[in-house]
Amino acid sequence: MIKMAQFHHIKFLHEVEGLSQRQIAQKLGISRNTVSKYLKQNEAPTTIHRQKHYHGKEYSDETKRVVN
C-alpha cells in the first residue's frame with residue numbers, strides 16, 4: 001500500500017505533467033499496475049479505508065474464549 005503523498009504525486013505526474021503510467025512507474029519505482037489502480041481512484045487511500053478491506057479474521061465465540 002502506498003502513502004497518501006505518493007498517491008497525490010501519481011495523480012500530479014499524470015494529470016499535470018502528462019506522464020504515461022509506464023513513465024510514472026519507472027520514475028517512482030513501483031509497479032505499473034499499482035499506478036493504474038491509483039489513477040482509477042478518486043480519493044486517496046486512508047487507514048480507515050484499508051481497515052474495511054483488510055480487517056482481521058472473524059473468530060467463533062468458542063475460539064475467542066480459548067484465546068482470552
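Thresholds applied
Residues numbered from 1 in each chain as written. Predicted model: local features only at pLDDT ≥ 70, side-chain atom pairs only at ≥ 80, totals over all residues. Heavy atoms only, no water. Helix = DSSP H or I, 4+ residues; strand = E, 2+ residues; numbered from the N terminus. Contact = heavy atoms within 4.5 Å. Phe/Tyr/Trp six-rings, centres within 6.5 Å; stacked < 30°, edge-to-face > 60°. Buried < 20%, exposed > 50% of the residue type's maximum accessible area, 1.4 Å probe, protein only. Axes fitted to C-alpha atoms, helices over the stretch in contact; angles between N-to-C directions. Parallel < 35°, antiparallel > 145°, perpendicular 65-115°, else oblique. Left-handed = near helix turned anticlockwise from the far one by under 90°. Nonpolar A, V, L, I, M, F, W, Y, C, P; charged D, E, K, R; others polar. Core = buried A, V, L, I, M, F, W, Y, C linked by side-chain atoms within 4.5 Å.

Asker: Quick one: what's the story with the environment of Glu17, residue by residue and with numbers?
Answerer: Inspection of the secondary structure assignment puts Glu17 in the loop between helix 1 (4–15) and helix 2 (21–28). Excluding anything up to four places from it in sequence, Glu17 contacts Phe12 and Lys27.

Asker: Mind laying out the packing of aromatic side chains, listing which residues take part and the relevant values?
Answerer: Across all of its chains, the model carries one aromatic pair by this definition. Note on Phe7 and Tyr38: the rings are 6.0 Å apart at their centroids and 80° apart in plane angle, and the pair reads as edge-to-face. Of the two residues, Phe7 sits in helix 1 while Tyr38 sits in helix 3 (residues 32–40), which places them 31 residues apart along the sequence. Here Phe7 falls in the buried class, since its relative accessible area comes to 2%. Look at Tyr38 and you get buried, because its relative accessible area is 3%.

Asker: Lay out the packing of helix 1 against helix 2 with the relevant residues and their values.
Answerer: Two elements in contact, helix 1 and helix 2, have axes separated by 10 Å at closest approach and are oriented at 135°. In terms of orientation, helix 1 and helix 2 fall into the oblique class. In this structure, the crossing between helix 1 and helix 2 has a hand that is right-handed. Residues Gln6, His9, Ile10, Leu13 and His14 of helix 1 form the contact with helix 2, whose participating residues are Ile24, Lys27 and Leu28. Here the contact of helix 1 with helix 2 is composed, by residue class, of four nonpolar, three polar and one charged.

Asker: For the packing of helix 2 against helix 3, give the residues involved together with the corresponding values.
Answerer: Remark: helix 2 packs on helix 3, axes separated minimally by 8 Å, with the N-to-C direction vectors making an angle of 115°. In this structure, helix 2 meets helix 3 at a crossing whose hand is right-handed. For the pair helix 2 and helix 3, the contacting residues are Gln21, Arg22, Ile24 and Ala25 in the first and Arg32, Val35, Ser36 and Leu39 in the second. Tallied by class, the residues present in the contact of helix 2 with helix 3 amount to four nonpolar, two polar and two charged.

Asker: I'd like a description of the nonpolar core, backed by residues and values.
Answerer: Among the nonpolar cores identified, the biggest contains eleven residues, and these are Ile2, Phe7, Ile10, Leu13, Leu19, Ile24, Ala25, Val35, Tyr38, Leu39 and Ala44. The set of elements that each furnish at least two residues to this core consists of helix 1, helix 2 and helix 3. Non-local contacts of Val35, meaning those with residues more than four positions away in its chain, are made with Ile10, Gln21, Ile24, Ala25 and Ile30.

So yeah, pure geometry; function would need other evidence.
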